[in-house]
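Reading the structure
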Amino acid sequence: MEKLPWFRLTLGALVIWILFGLVPIALGIFGVFSDEATTRFSHFGGMFGAASAFFSGFALIGILLSTRAQMEALRLQKHELSRMQENQRQALTLQIVMPFMDDIASEEFRQASNILAEYERAGTLGRYRDLRHNPDRTHEEQEEFERLDSARRRFVHVFHKMARLARNDAVDSETVKTVFSPDLVWTLLYVDEPMEEAIRANYSHRTFEYFQSLYDPEEIIGQWPRTPGNPVATRLKDSAFA
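This is a predicted model, so every value here is computed, not measured.

Now for helix H4 (residues 107-122). Helix length check: H4, at 16 residues, gives a terminal C-alpha distance of 23 Å against a target of 22 Å (1.5 Å per residue), a fit within 8%. Listed as buried for H4 are Phe109, Ala112, Ser113, Ile115, Leu116, Tyr119 and Glu120. Seen from one end, H4 has its buried residues packed into an arc of 160°, which puts them on one side. Turned more than 90 degrees off the buried face of H4, the exposed positions are Arg121 and Ala122. Looking one or two residues beyond H4, the residue adopting positive phi is glycine 123, at roughly 70°.

Okay, structure coming up:
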């Protein structure tokens, strides 16, 4: 539906209103009527006060309608901008999430997870500390240490990257949970974190604490039983995860 030109209508009403007011003044200036005639016609002219009020009211209504139309246009513009921002946010989130999904599904990540799971199930995660702090490793021990350390680094690297993005508000927690399920967080806390502590006692807890906060303890602990004999990170010993 074509919109009425409210601005033009309002402007026209104002012009007509001004002209009505100027006519008596012009007639008096040019002497069209004498003073006596002007006095006699003044009572007649008072009858048109309603017309003046009408055009004044019409002008005011026009202004109000114009203001309302502008406010509605601004509201629609704001809504459109919000929709565009949401679409951009979703597109950016997808660009961030998809590489992580591919990374977790990669053969390298799967092999790293299997190596860590192998040591966890055997109850020999403490061997990583022994190998790391043994300066006289044999050739076989060196190969075993490199294999285990490489799996550790490959596994935790993905978590560190996502945690940095989350701290910078590039992704929200719900998005992170779509990528990192409770079983992956279980492996991070019970397998990888003790290995990080074996490297240095003052390791950064930020990544581990962030992923731990995504789920209730029961959701993580309930994934599968821990194998006795494996070390637990000192940070978790006085918590529900011990």
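Right, picking up where we left off after that structure.
Here the focus is helix H6 (residues 139-167). The end-to-end C-alpha distance of H6 is 41 Å, a good match for the 42 Å that 29 residues give at a rise of 1.5 Å each. Considering bend angle alone, the principal kink of H6 is centred on valine 156 and spans about 25°. Two residues or fewer after H6 comes aspartate 169, characterised by a positive phi angle close to 65°.

Further remarks concern the packing of H4 against helix H8 (residues 182-199). Remark: H4 packs on H8, axes separated minimally by 11 Å, with the N-to-C direction vectors making an angle of 65°. With respect to their mutual orientation, H4 and H8 come out roughly perpendicular. When the axes of H4 and H8 are compared, the crossing they make is left-handed. Contact residues: H4 offers Phe109, Leu116 and Glu120, while H8 offers Leu184, Trp186, Val191 and Met195. Partitioned by chemical class, the residues of the contact of H4 with H8 number six nonpolar, no polar and one charged.

The next subject is the pattern of salt bridges. Taken as a whole and judged by the stated rule, the model has 13 salt bridges. In this structure, arginine 152 and glutamate 196 form a salt bridge, with 2.7 Å as the shortest nitrogen-oxygen distance. One end of the pair, arginine 152, is in helix H6; the other, glutamate 196, is in helix H8, with 44 residues separating them in the sequence. A single salt-bridge network, built from bridges that share partners, covers Arg132, Asp149, Arg152, Arg153 and Glu196.

In this section: the nonpolar core. Core analysis: the largest hydrophobic core is formed by 47 residues, its most contacted members being Met162, Val176, Phe180 and Phe211. Mapped onto this core, the elements with two or more residues apiece are helix H3 (49-104), H4, helix H5 (127-132), H6, helix H7 (173-179), H8 and helix H9 (206-213). Ignoring sequence-local partners within four residues, the contact set of phenylalanine 180 consists of Phe100, Ile104, Val158, Phe159, Met162, Val185, Phe211 and Tyr215.

Reading the values: the criteria
Residues numbered from 1 in each chain as written. Predicted model: local features only at pLDDT ≥ 70, side-chain atom pairs only at ≥ 80, totals over all residues. Heavy atoms only, no water. Helix = DSSP H or I, 4+ residues; strand = E, 2+ residues; numbered from the N terminus. Expected span 1.5 Å × (residues − 1). Buried < 20%, exposed > 50% of the residue type's maximum accessible area, 1.4 Å probe, protein only. Arc of directions from axis to C-beta. Bend = angle between axes of the 7 residues up to and from the residue. Axes fitted to C-alpha atoms, helices over the stretch in contact; angles between N-to-C directions. Parallel < 35°, antiparallel > 145°, perpendicular 65-115°, else oblique. Left-handed = near helix turned anticlockwise from the far one by under 90°. Contact = heavy atoms within 4.5 Å. Nonpolar A, V, L, I, M, F, W, Y, C, P; charged D, E, K, R; others polar. Salt bridge = Lys/Arg side-chain N within 4 Å of Asp/Glu carboxyl O. Core = buried A, V, L, I, M, F, W, Y, C linked by side-chain atoms within 4.5 Å.

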